[in-house]
Amino acid sequence: MSELAPQELRVLVAVAEAGGFSAAAHRLGITQSAVSHSVRGSEAKVGAVLFDRGRAGASPTPAGERAVALGRRILRLYEVLGAEARAAGRAAAGPGTAQGVLRIAAFRSAALHLLPPALERLAARHPGIRPEIRVVRELGPGTAGEVAAGRADLAIATLSGPASRPLSGPPSGLPDGLPDGLLSGELTREAYSLVHPAGHPDPKALPLLDWDENCGSYTRDWWRAQDWIPRATVKAEDDAMVLTMVGRGLGMAILPELSLREATDAVEIAGLGPEGPVRRVGYVTTPELASTVAVRALIRELRAERG
């Protein structure tokens, strides 16, 4: 099988993102026939159909999704190659040598509370790094899926499974329920707490409020074993909305610590005891980007947050 050239990868990515050959041609500044020829050539090289063609445009097949994701990651390596080489050449001059864009995906509460102090220290040590942050909901592939798809260099993600191993120590590199080929390391653990309207005489009598991003959590196993927790009857868009609704007296909720950093005097927080659920939060990156100066620098600052 022949290898795909960088320009062929750029065409595949452009078609997937633009949704059609004509739009991809416009984005790349080439003709539609050149795009069609490139895609056909790429399909011949990999031995699979990469796009379903139709009147509405073109959409990646499963093989195409995989090819586009890997294509983005390969093209990203071309982008960082120069920055890495320059940083190595300036290493003798001391810290602050890293430069270039660092693409970060994070879920809402992590973007609000974990990233800012880490980025502040990162900017002080490496002013040449330019963070680009996208807030991604932890639904489906979530933030880790952005890394797998080549759209982010590093993600702050919810790691699956209970927090059974010690927090101290080096990054694990364990799968943590992540897409194949990604690396992860635990950053912090959030204990879940019961939050209810302040001064309410019987919080457990209130309806349970929930939000979609919480549905996939392993903590559901714990919830189901607690006969005092009613079935969720009200769902909101995100954890901030749930917290606001609790403060308005509309129900109770079970929320992780990062979400509760925005709590006001309108709510009261009660711990769930030593056997209560804990959410593991960590970083996710690719093996090829894990060794780059910018990603290593951000991981160092994120890990410093936990002391």
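Residues numbered from 1 in each chain as written. Predicted model: local features only at pLDDT ≥ 70, side-chain atom pairs only at ≥ 80, totals over all residues. Heavy atoms only, no water.

Visitor: Before we move on, could you go through the overall build of the protein and cite the residues and values that matter?
Guide: Of regular secondary structure, the protein possesses 12 helices and 11 strands. Expressed as a percentage of the 307 residues in the protein, the buried residues total 45%. For the protein, the share of sequence-separated contacts (at least 6 apart) that also reach a separation of at least 24 residues comes to 73%. If you sum the accessible surface of the protein, you get close to 15,000 Å²; carbon and sulfur atoms cover 55% of it. (Helix = DSSP H or I, 4+ residues; strand = E, 2+ residues; numbered from the N terminus. Buried < 20%, exposed > 50% of the residue type's maximum accessible area, 1.4 Å probe, protein only. Contact = heavy atoms within 4.5 Å. Areas by Shrake-Rupley, 256 points an atom, 1.4 Å probe, with all protein chains shown as cover.)

Visitor: Lay out the packing of aromatic side chains with the relevant residues and their values.
Guide: Evaluation of the coordinates by the stated rule reveals 1 aromatic pair. Between Phe-21 and Phe-51 the ring centres are 6.4 Å apart and the planes differ by 90 degrees, which places this aromatic pair in the edge-to-face class. Highlighted residues: Phe-21 in helix α2 (residues 21–28) and Phe-51 in strand β1 (residues 51–54), separated in sequence by 30 residues. According to the relative accessible area criterion, Phe-21 is buried, its value standing at 12%. A cation over a ring is seen here: Lys-204 above Trp-228, with NZ or CZ 4.9 Å from the ring centre. (Phe/Tyr/Trp six-rings, centres within 6.5 Å; stacked < 30°, edge-to-face > 60°. Lys NZ or Arg CZ within 6 Å of the ring centre and 35° of its normal.)

Visitor: Quick rundown of helix α12 (residues 293–304)? Include the residues and the values.
Guide: For α12, spanning 12 residues, the distance from its first C-alpha to its last is 17 Å, which sits close to the expected 16 Å at 1.5 Å a residue. Most of α12 sits inside the fold, with 9 of its 12 residues counted as buried. (Expected span 1.5 Å × (residues − 1).)

Visitor: Quick rundown of the nonpolar core? Include the residues and the values.
Guide: Ranked by internal contacts, the top residues of the largest apolar core, which has 28 residues, are Leu-102, Leu-154, Ile-156, Leu-298 and Leu-302. Residue assignment for this core shows that the elements contributing at least two residues are β3 (99–106), α5 (108–113), α6 (115–125), β5 (154–159), β11 (278–285) and α12. For this core, the element with the most residues is α12, which contributes 7 residues. Here Ile-156 is in contact with Ala-105, Ala-106, Phe-107, Ala-110, Leu-114, Leu-115, Thr-143, Leu-187, Val-281, Gly-282 and Leu-302, once residues within four sequence places are set aside. The next biggest cluster of nonpolar side chains, apart from the first, holds 16 residues, and it includes Leu-9, Ala-25, Ala-58 and Leu-75. (Core = buried A, V, L, I, M, F, W, Y, C linked by side-chain atoms within 4.5 Å.)

Visitor: Can you break down helix α9 (residues 239–247) residue by residue, with the values?
Guide: When we look at burial in α9, the residues that qualify are Asp-239, Val-242, Leu-243, Met-245 and Val-246. The buried residues of α9 occupy an angular sector of 160 degrees when projected down its axis, which confines them to one face. Capping the start of α9 is the job of one residue whose side-chain oxygen sits 3.1 Å from the backbone nitrogen of Ala-240: Asp-238. Note on α9: the residue one or two positions beyond its end, Gly-249, has a positive phi of about 80 degrees. (Arc of directions from axis to C-beta. Polar contact = N/O pair within 3.5 Å; in protein donor to acceptor, adjacent residues only side chain to side chain.)

Visitor: Describe the packing of α2 against helix α3 (residues 32–46), listing the residues and the values that go with them.
Guide: Interaxial distance between α2 and α3 falls to 8 Å at its minimum, and their mutual angle equals 110 degrees. In terms of axis orientation, α2 runs roughly perpendicular to α3. Contacts between α2 and α3 pair Phe-21, Ser-22, Ala-24 and Ala-25 from the former with Gln-32, Val-35, Ser-36 and Val-39 from the latter. Its residues assigned to classes, the contact of α2 with α3 comprises 5 nonpolar, 3 polar and no charged. (Axes fitted to C-alpha atoms, helices over the stretch in contact; angles between N-to-C directions. Parallel < 35°, antiparallel > 145°, perpendicular 65-115°, else oblique. Nonpolar A, V, L, I, M, F, W, Y, C, P; charged D, E, K, R; others polar.)

Visitor: I'd like a description of the side chain of Thr-143, backed by residues and values.
Guide: Structurally, Thr-143 is set in helix α7 (residues 142–148). At a separation of 2.9 Å, a polar atom in the side chain of Thr-143 contacts the main-chain carbonyl oxygen of Ile-156.

Visitor: Can you explain the pairing of strand β6 (residues 183–197)? Please cite residues and give values.
Guide: Counting buried positions along β6 yields 11 of 15 residues, so the element is predominantly enclosed. Pairing geometry for β6 and β11, over 8 bridges, is antiparallel. Across the sheet, the residue bridging to Thr-188 is Val-281, located in β11. Relative to strand β9 (residues 252–256), β6 runs antiparallel, the two being bridged by 4 bridges. In the strand pairing of β9, Val-195 is matched with Ala-253. When β6 meets strand β10 (residues 267–271), the two strands line up antiparallel, connected through 5 bridges. Its bridge partner being in β10, Val-195 is matched across the sheet by Ile-269. (Pairing = 2+ DSSP bridges.)

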